[in-house]
Amino acid sequence: MSRFCYVSSNLLTLQHKFHEPIPRKKVKTTRKSLNLIIDIGNTRAKMVVFDGQRIVDQIYGESQTLCAIDEVTSQYAITKAILSSVGQIGSEAEAKLKSLPYPILRLSNTTPLPVDLQWRPYGTTSCIDMPTSMGADRIAAIVGAMCMMPHTPLLIIDAGTCVTYEVIDDEGYYAGGNIAPGLQMRLASMHEHTALLPKVESQGEVPLLGHSTDTCMRSGAVLGLQYEIEGYINFWKGRFPALHVFLTGGDTKDFPTEGKDYIHIEPQLVTKGLNYILIGN
């Protein structure tokens, strides 16, 4: 019996634009009760303002200081917020958070979720406790995908500093997940753990076969990630034919989906998941 109870080849050509400025998206709103999502990642903090389930504004800032939060607070009538952090919060950022004039829900493994998330490891028949060490960003991405695509087996891929893979099986159970090095980490590790290989940027030519040290390294990292993602999609699509795939994170934003209506690029998957959690609390 299905347990779903939540709300509503050449697959990859990565375009690497890590150093381009991030466009700010701002939407007019007259509502006086807004949600603030504070997502502190490994390298930056993202603050997203929601009017219900609609994104009003998003602002990026330095993760250790959260200086950009002053701009958000001065512009919008925030009534509540949720905080997700992949690591420990610095003292300056913590002081900023404590000074905010509205309540902040800090996402943890004990936070009530708007989906029935239970872990039944793939290939077994019994549920076990969800891992207490599971990152808040992974939980939020799972919740976002489950709320946006109900009653469906899911593969959720978040390609950032690390690449995470999460699977929801065809009965609505969390089947488990994997973590792999992200693109930048792959390039950096080749330089840092060898004597002669240079530091190579992700931007640049990506031939099928490299013709210089730089192109060999870049193509190895980029195409390696491409084939890894393709492999996960093909494997789990074979296990669950009704599978839908959510792609998020900077390294998947240009993933071609032509003819693949089961693949969804959702840059705001984590923040949307956090907003669903906040609304439910």
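Basis of the calculations
- Residues numbered from 1 in each chain as written.
- Predicted model: local features only at pLDDT ≥ 70, side-chain atom pairs only at ≥ 80, totals over all residues.
- Heavy atoms only, no water.
- Helix = DSSP H or I, 4+ residues; strand = E, 2+ residues; numbered from the N terminus.
- Buried < 20%, exposed > 50% of the residue type's maximum accessible area, 1.4 Å probe, protein only.
- Areas by Shrake-Rupley, 256 points an atom, 1.4 Å probe, with all protein chains shown as cover.
- Pairing = 2+ DSSP bridges.
- Axes fitted to C-alpha atoms, helices over the stretch in contact; angles between N-to-C directions.
- Contact = heavy atoms within 4.5 Å.
- Patch = residues over 30% accessible without salt bridge, like charges linked within 9 Å, V, L, I, M, F, W, Y side chains within 5 Å.
- Salt bridge = Lys/Arg side-chain N within 4 Å of Asp/Glu carboxyl O.
- Core = buried A, V, L, I, M, F, W, Y, C linked by side-chain atoms within 4.5 Å.
- Phe/Tyr/Trp six-rings, centres within 6.5 Å; stacked < 30°, edge-to-face > 60°.

## As for the overall build of the chain
In terms of helices and strands, the chain carries six helices and 10 strands. For the chain, buried positions account for 46% of its 281 residues. Entry remark: accessible area of the chain is about 13,600 Å², with carbon and sulfur atoms responsible for 54%.

## As for the sheet that holds strand E6 (residues 154-159)
Spatially, E8-E7-E6-E9-E10 is the arrangement adopted by the five strands of the open sheet, whose pairing is mixed. Of all strands in the sheet, those with a lone pairing partner are strand E8 (174-181) and strand E10 (263-265), marking the two edges. When the angles between neighbouring strand axes are averaged without regard to direction, this sheet yields 15°. Taken together, the three bridges between strand E9 (residues 244-248) and E10 define a ladder with parallel strand orientation. The residue bridging Phe246 from the neighbouring strand is His264, located in E10. Seen against the sheet, helix H5 (residues 213-239) touches E6, strand E7 (162-168), E8, E9 and E10 and runs at an angle of roughly 5° to E7.

## Notes on the pairing of strand E1 (residues 34-40)
E1 sits mainly inside the fold: seven of its seven residues count as buried. Burial of E1 is two-sided: the residues Leu34, Leu36, Ile38 and Ile40 facing one way and the residues Asn35, Ile37 and Asp39 facing the other way are all buried. Across six bridges, the pairing between E1 and strand E2 (residues 45-51) is antiparallel. Each bridged residue has a counterpart across the sheet, and for Asn35 the counterpart in E2 is Phe50. The turn linking E1 back onto E2 is made up of four residues.

## Overview of unusual backbone geometry
Unlike most non-glycine residues, Leu66 shows phi in positive territory, near 55°. Here Leu66 is to be found in the loop between strand E3 (54-61) and helix H1 (69-75). By relative accessible area, which is 1% here, Leu66 ends up buried. The phi dihedral of His151 falls on the positive side, at around 55°, and the residue is not glycine. His151 sits in the exposed class, given a relative accessible area of 53%.

## Some details on the sheet that holds E1
Spatial strand order, E3-E2-E1-E4-E5: five strands in an open sheet with mixed pairing. Of all the strands in the sheet, the pair left with one neighbour each is E3 and strand E5 (104-106). Within the sheet, the average angular offset between the axes of one strand and its neighbour, ignoring direction, is 20°.

## What about a nonpolar patch on the surface?
Where nonpolar side chains cluster on the molecular surface, the patch consists of Leu208, Leu209 and Tyr227 and spans about 390 Å² of accessible area. Within the secondary structure, Leu208 is located in the loop between helix H4 (183-192) and H5. The exposure class of Leu208 is exposed, given its relative accessible area of 67%.

## Observations concerning the nonpolar core
In terms of nonpolar packing, the biggest core is built from 31 residues, with Ile142, Leu154, Ile156 and Ile168 touching the most fellow members. Those elements giving two or more residues to this core turn out to be E2, helix H3 (136-148), E6 and helix H6 (269-279). The element contributing the most residues to this core is H3, with nine residues. Formed by 24 residues, the second largest nonpolar core is a distinct cluster that contains Leu187, Met217, Ile229 and Trp236.

## Observations concerning the packing of aromatic side chains
To describe a pair of aromatic rings, you give the distance between the ring centres and the angle between the ring planes. The full count for this structure, using the stated rule, is six aromatic pairs. Aromatic side chains Tyr122 and Trp236 sit 4.8 Å apart centroid to centroid with 80° between the ring planes, which places their arrangement in the edge-to-face category. Taken together, the positions of Tyr122 in the loop between E5 and H3 and Trp236 in helix H5 put the pair 114 residues apart, joining distant regions of the chain. Among the residues examined, Tyr122 registers a relative accessible area of 43% and is labelled partly exposed. The buried category is assigned to Trp236, whose relative accessible area is 11%.

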